[in-house]
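The residues making up each chain are set out below.
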Amino acid sequence: MSKDCIKIADDYTGYALSNFCVPRHYEEDLENVLIPWGLIQDRTERLARDIFQDIRDEPLTALCVLKGGYRFYTDLLDKLTTLNRFHASVSVQLHVDFIRLKSYENDDSTGDIRVIGGDNLSNLRGHNVLVVEDIIDTGRTMSRLLAILQKYEPKSVKVASLLVKRRPDSTGYRPDYCGFEVPDKFVVGYALDYNEYFRDLNVSMLCWIYYYTCLYSFASFCLTEIPLSALSGFLISSDTFNSHLKLLLM
Ligand SMILES: O=P(O)(O)OC[C@H]1O[C@H](OP(=O)(O)OP(=O)(O)O)[C@H](O)[C@@H]1O
Ligand code: HPA
């Protein structure tokens, strides 16, 4: 990694939810605020400056990794365009591109990293590419994506990730630009999701993932292993069970 990132210690508990405006539909599901929105903005501003200074006068293609990367991407690009407006002597022409990858189910990497949409990657040939990602967790997604990108012969590839997780089984991949290094806990908010929930939170929160994991395991066990007739006194149908589960998740 070319620059330091802000390290959040393992014993850091963050801020109590009661200090912030948390949407009512998520109040019961979250533990603490890990990184408030304002701090994300300030840190992103500095990352934009580092990127701007490193790339200096060359065009840059910013590749957003969807869906999780979209909030960091728009904020980072906003800050880069502001730098372009206020620096008369240096300017970085920006192109935008998107790729959609998927590998997580619940809070687990499936290890099966699939490109499920996005722009035609042959546009990247000969370009300086900045990959913009929300989180490097195990590091598998980024290693796979970088291998894919190399096939399109870009001029250079750098990676900016808002978060890097400290986890013992990481591939060891480190991005060129990193916002925060976070403890090995599941985080949501600021477009990071848990099964598509929580993307609509402004801040990055810790989530009671254990609670969800239990619910999900129990639900899939019931729905796949136990004949519905055996559950008739308990559940009316699998659909009812699913909607009940969904209500609990929301
Ligand atoms: O380092 P890794 O362990 O591979 O995990 C990181 C990846 O996981 C998430 O994507 P996800 O598959 O959940 O898709 P999403 O961006 O649509 O949420 C995240 O956005 C990263 O792309
Ligand atoms: O901690 C996480 N939160 C949300 N999405 C993720 N994808 C990988 N790790 C995470």
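Small disclaimer: the values here were computed from a predicted structure and weren't measured. (Residues numbered from 1 in each chain as written. Chains lettered and ligands numbered in written order. Predicted model: local features only at pLDDT ≥ 70, side-chain atom pairs only at ≥ 80, totals over all residues. Heavy atoms only, no water.)

## Quick notes on unusual backbone geometry
- Between Leu-66 and the following residue, Lys-67, the backbone shows a cis peptide bond with an omega angle of 0°.
- Within the secondary structure layout, Lys-67 lies in the loop between β4 (60-66) and α2 (70-86).
- The phi torsion at Glu-153 lies on the positive side, around 50°, for a residue other than glycine.
- The phi angle at Phe-198 is positive, at roughly 80°, despite the residue not being glycine.
- In this fold, Phe-198 is placed in the loop between β10 (187-188) and β11 (204-207). (Helix = DSSP H or I, 4+ residues; strand = E, 2+ residues; numbered from the N terminus.)

## A short note on the site of ligand 2
- Taken together, Tyr-104, Ile-135, Asp-137, Lys-165, Phe-186, Val-187, Leu-192 and Asp-193 are the residues near ligand 2.
- A distance of 2.6 Å separates a nitrogen atom of ligand 2 from a polar atom in the side chain of Asp-137.
- With the chains in place, 92% of the 260 Å² that ligand 2 exposes on its own is no longer accessible.
- Classifying every residue of the shell around ligand 2 gives five nonpolar, no polar and three charged. (Near = heavy atom within 4 Å. Polar contact = N/O pair within 3.5 Å; in protein donor to acceptor, adjacent residues only side chain to side chain. Areas by Shrake-Rupley, 256 points an atom, 1.4 Å probe, with all protein chains shown as cover. Nonpolar A, V, L, I, M, F, W, Y, C, P; charged D, E, K, R; others polar.)

## Focus on the pattern of salt bridges
- Scanning the entire structure with this criterion turns up 14 salt bridges.
- A salt bridge links Glu-196 to Lys-67; the nearest nitrogen and oxygen atoms lie 3.1 Å apart. With Glu-196 in the loop between β10 and β11 and Lys-67 in the loop between β4 and α2, this residue pair connects regions lying 129 residues apart in the sequence.
- What makes Glu-196 partly exposed here is its relative accessible area of 37%.
- Several salt bridges converge on common partners, so that one network encompasses Lys-67, Lys-102, Asp-193, Glu-196 and Arg-199. (Salt bridge = Lys/Arg side-chain N within 4 Å of Asp/Glu carboxyl O. Buried < 20%, exposed > 50% of the residue type's maximum accessible area, 1.4 Å probe, protein only.)

## Brief notes about the sheet that holds strand β7 (residues 128-136)
- Overall, mixed pairing links the seven strands, which are arranged β1-β9-β8-β7-β4-β5-β6 in an open sheet. For this open sheet the edge positions go to β1 (6-7) and β6 (108-118), each flanked by a neighbour on one side alone.
- Alignment of β4 against strand β5 (residues 94-105), held across seven bridges, turns out to be parallel. Of the residues in β5, the one forming a bridge with Leu-63 is Asp-97.
- Strands β4, β5, β7 and β8 (156-165) of the sheet are contacted by α2, whose axis makes an angle of about 160° with β5.
- Packed on one face of the sheet, helix α3 (residues 140-150) meets β4, β5, β6, β7 and β8 and runs near 35° to β6. (Pairing = 2+ DSSP bridges. Contact = heavy atoms within 4.5 Å. Axes fitted to C-alpha atoms, helices over the stretch in contact; angles between N-to-C directions.)

## Topic: the site of ligand 1
- The immediate surroundings of ligand 1 are formed by 18 residues, with Ser-103, Tyr-104, Glu-133, Thr-138 and Thr-141 found nearest.
- Within the contact set of ligand 1, an oxygen atom lies 3.1 Å away from a backbone nitrogen or oxygen of Lys-67.
- Here ligand 1, which alone exposes 490 Å², has 95% of that area covered by the protein.
- Residue composition of the shell around ligand 1, grouped by class: five nonpolar, five polar and eight charged.

## Looking at the nonpolar core
- Of all hydrophobic cores here, the largest spans 33 residues; its most connected members are Ile-35, Ile-51, Phe-72, Leu-76, Leu-130 and Leu-163.
- Looking at this core, the elements with two or more residues in it are β3 (30-35), α1 (37-55), β4, α2, β7, β8 and β9 (177-182). (Core = buried A, V, L, I, M, F, W, Y, C linked by side-chain atoms within 4.5 Å.)

## Focus on the pairing of β7
- In terms of burial, β7 is a largely internal element, nine of the nine residues being buried.
- Bridge count between β7 and β8: eight bridges; the pairing is parallel. Paired with Val-129 across the bridge in β8 is Val-157.

## Notes on the pairing of β9
- Among the six residues that make up β9, six are buried, leaving the element largely enclosed by the rest of the structure.
- Pairing between β1 and β9: two bridges, direction parallel. Note that in β9 the partner of Ile-6 across the bridge is Phe-180.
- Examined bridge by bridge, β8 and β9 share five bridges and lie parallel to one another. Bridged to Ala-160 within β9 is Tyr-177.

## Quick word on α1
- A rise of 1.5 Å per residue sets the reference length of α1, with its 19 residues, at 27 Å; its end C-alpha atoms lie 27 Å apart and thus fit the reference within 8%.
- Those residues of α1 that sit buried are Ile-40, Gln-41, Arg-43, Thr-44, Leu-47, Ala-48, Asp-50, Ile-51, Phe-52 and Ile-55.
- Trailing α1 by a residue or two, Arg-56 shows a phi angle of about 35°, which is positive. (Expected span 1.5 Å × (residues − 1).)

So far we have only geometry, and geometry alone does not tell us how the molecule works.
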